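Listed here are the chains, written in short residue letters.
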Amino acid sequence: QLSKAGKLTVPAMNVNDSVTKTKFDNLYCPRETIVDALKRTTDVMLGGKQVLICGYGEVGKGTAAALKGVGAIVYVTEIDPICALQCCMDGFKVVTLNDVIRQADILITATGNKDVVTREHMDRMKSGAIICNMGHSNTEIDVQSLRTPDLTWEKVRSQVDSIVWPDGKRISLLAEGRLVNLSCSAIPSFVVSITATTQALALIELFNAPSGRYKSDVYLLPKKMDEYVASLHLPTFDAHLTELTDDQAKYMGLQKTGPFKPQYYRV
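Remember, it's a predicted structure, so these values are computed and weren't measured experimentally.

> I would appreciate a short explanation of the domain arrangement of the chain in the present structure.
Quite often, the size of an interface is put as the accessible area lost when its parts meet. Under the domain assignment used here, the chain contains domain 1 (3-14 + 188-252) and domain 2 (19-184). Measuring from the centre of the C-alpha atoms in domain 1 to the corresponding centre in domain 2 gives 32 Å. The partner domain 2 presents eight residues to the nine residues of domain 1 that form the contact. For the pair domain 1 and domain 2, the summed buried area comes to about 680 Å², and 67% of that belongs to carbon and sulfur atoms. Inspection of the domain 1/domain 2 interface yields zero salt bridges. Our count for the domain 1 to domain 2 interface comes out at four residue pairs in polar contact (both at pLDDT 80 or more). Of all the elements in the fold, those that place two or more residues in the side of domain 1 that touches domain 2 are α8 (189-208) and α9 (223-233). Its residues assigned to classes, the side of domain 1 that touches domain 2 comprises five nonpolar, two polar and two charged.

> What should I look at first to understand the layout of surface pockets in this one?
It is a probe the size of a water molecule, rolled over the atoms, that shows where empty space is left. For the largest pocket, the calculated volume is near 1,000 Å³. What lines the largest pocket is a set of 35 residues, among which Val59, Ala110, Thr111, Gly112 and His136 lie closest to the centre. Among the secondary structure elements, those contributing two or more residues to the lining of the largest pocket are α1 (19-22), α2 (25-41), α3 (58-69) and α7 (180-184). Of the residues in the lining of the largest pocket, the class split is 14 nonpolar, 13 polar and eight charged. Size it by volume and the second largest pocket reaches roughly 720 Å³. Among the elements of the structure, α1, α2 and α9 are those that each provide at least two residues to the lining of the second largest pocket. With seven residues, the top contributor of residues to the lining of the second largest pocket is α9. By residue class, the composition of the lining of the second largest pocket is eleven nonpolar, four polar and nine charged.

> Help me understand the packing of α8 against α9 in this model?
The packing of two helices is summarised by the inter-axis angle and the distance between the axes. Where α8 contacts α9, the axes come no closer than 10 Å and their chain directions differ by 140°. Considering their axes alone, α8 and α9 lie oblique with respect to each other. For the crossing formed where α8 meets α9, the hand is right-handed. Residues Phe190, Ser193, Ile194, Thr197, Thr198, Leu201 and Glu205 of α8 form the contact with α9, whose own contacting residues are Met225, Tyr228, Val229, Leu232 and His233.

> Sorry if this is basic, but what is going on with empty space enclosed by the protein here?
Taken as a whole, this structure holds one cavity of 30 Å³ or more when the rule is applied. If you add up the space inside the largest cavity, you get close to 30 Å³. Together, Asp17, Ser18, Leu220, Leu221, Lys223, Asp226, Gln263 and Arg266 line the largest cavity. Residue composition of the lining of the largest cavity, grouped by class: two nonpolar, two polar and four charged.

> Explanation requested: the UniProt feature "domain: S-adenosyl-L-homocysteine hydrolase NAD binding" (unreviewed entry) in the chain in the structure shown.
UniProt tags residues 26-187 as "domain: S-adenosyl-L-homocysteine hydrolase NAD binding" (unreviewed entry). Overall, residues 26-187 shows 31% helix and 23% strand. The separation of its end C-alpha atoms is 12 Å.

> For this particular structure, what's the right way to read the environment of Gly48?
Within the element layout of this structure, Gly48 appears in the loop between α2 and β2 (50-54). Excluding anything up to four places from it in sequence, Gly48 contacts Gly71, Ala72 and Ile73.

> What's the story with the packing of aromatic side chains in this structure? I'm lost.
Each aromatic ring pair is specified by the distance between its two centres and by the angle formed by the two planes. In this structure the tally under the stated criterion is four aromatic pairs. For the pair Phe190 and Phe237, a centre-to-centre distance of 5.3 Å together with 80° between the ring planes defines the contact as edge-to-face. Linking Phe190 in helix α8 with Phe237 in the loop between α9 and α10 (246-252), this pair joins segments that are 47 residues apart in sequence. One residue, Lys68, lies across the ring of Phe92, its end atom 5.1 Å from the ring centre. Just above the ring of Trp165 sits the side chain of Lys169; from NZ or CZ to the centre is 4.3 Å.

> Which parts of the structure should I look at to understand the environment of Arg31?
Here Arg31 shows up in helix α2. Owing to a relative accessible area of 41%, Arg31 belongs among the partly exposed residues under this scheme. Separated by 36 residues in sequence, Arg31 and Leu67 have C-alpha atoms that sit 8.3 Å apart. Residues contacting Arg31, with those up to four places away along its chain left out, are Gly62, Thr63, Ala65 and Ala66.

> Is there a simple way to explain the side chain of Ser162 in this structure?
Mapped onto the elements of the fold, Ser162 is located in strand β8 (residues 160-164). Among the polar contacts made by the side chain of Ser162, one reaches the side chain of Arg170 at a distance of 3.1 Å. The contacts of Ser162, once residues within four sequence positions are left out, are Thr152, Trp153, Glu154, Val156, Arg170 and Ile171.

Conventions used here
- Residues numbered from 1 in each chain as written.
- Predicted model: local features only at pLDDT ≥ 70, side-chain atom pairs only at ≥ 80, totals over all residues.
- Heavy atoms only, no water.
- Domains from an automatic or database assignment.
- Contact = heavy atoms within 4.5 Å.
- Buried area = accessible area lost by both parts, 1.4 Å probe.
- Salt bridge = Lys/Arg side-chain N within 4 Å of Asp/Glu carboxyl O.
- Polar contact = N/O pair within 3.5 Å; in protein donor to acceptor, adjacent residues only side chain to side chain.
- Helix = DSSP H or I, 4+ residues; strand = E, 2+ residues; numbered from the N terminus.
- Nonpolar A, V, L, I, M, F, W, Y, C, P; charged D, E, K, R; others polar.
- 1 Å grid on protein atoms, 1.4 Å probe; cavity = no way out; pocket = protein on both sides within 12 Å on 5 of 7 lines; lining within 4 Å.
- Points joined across faces, edges and corners; volume = space filled by probe spheres on them.
- Axes fitted to C-alpha atoms, helices over the stretch in contact; angles between N-to-C directions.
- Parallel < 35°, antiparallel > 145°, perpendicular 65-115°, else oblique.
- Left-handed = near helix turned anticlockwise from the far one by under 90°.
- UniProt positions renumbered as here; feature names shortened; annotations may be inferred.
- Phe/Tyr/Trp six-rings, centres within 6.5 Å; stacked < 30°, edge-to-face > 60°.
- Lys NZ or Arg CZ within 6 Å of the ring centre and 35° of its normal.
- Buried < 20%, exposed > 50% of the residue type's maximum accessible area, 1.4 Å probe, protein only.

This is the structure:
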């Protein structure tokens with residue numbers, strides 16, 4: 001916003017949209033932490049539960065994969081036809097929130113948007129349902145709409161509130177709508193390392209760049225550095241890259257050392 005308004009006074013790197021952030025931290029971290037977060041906070045059996053995930057970006061993909069793996073029945077809401085098509089091809093049913101809200105045992109937001117789940121939605125949820133957020137910040141679930149005189153909040157344990165409706169219906173809200181894996185789970189240090197390396201290299205790139213390379217604007221991390229972040233973590237798996245021959249590199253129009261994909265390409 002500052003850049004568009006002409007008020008940004010220094011160059012900035014958008015590491016949040018770099019491949020080594022979106023395709024690793026956003027995908028594999030939720031895949032490993034959503035089940036952990038649900039188990040730490042509740043005693044719910046996930047096999048056979050009907051889970052509704054709002055959003056099928058990288059976070060939604062990781063979340064859905066993990067819950068499918070433990071036998072949950074997963075539904076997904078999505079606004080983007082490309083993500084929706086990916087969702088269908090991965091074997092999940094794309095629905096609207098209103099279609100399945102009454103039958104959902106667990107509702108998880110993962111859109112990065114605001115007011116995705118409103119009081120009207122929660123009024124229609126079944127008793128015993130669990131609701132939590134895996135998306136950005138704490139804006140996705142309208143928690144403030146639950147703080148009304150007609151609803152009773154009962155603290156079950158740390159990060160778990162049972163909200164009681166006048167008719168006795170109860171819904172469990174985890175972490176008051178904040179990121180449930182950050183609040184209720186252990187984030188793997190390895191995936192944090194990938195993101196932190198991306199951030200560190202972005203700062204190094206800005207610091208070492210020749211004068212004039214970067215104007216007062218927002219840039220994505222150069223693809224070469226994205227690939228370097230990944231290469232630094234390959235030895236952990238004893239992984240060995242194949243090297244192009246000179247003829248292969250010439251045929252593909254690449255340098256043998258990369259970058260191997262254009263800047264716009266999202267792996």
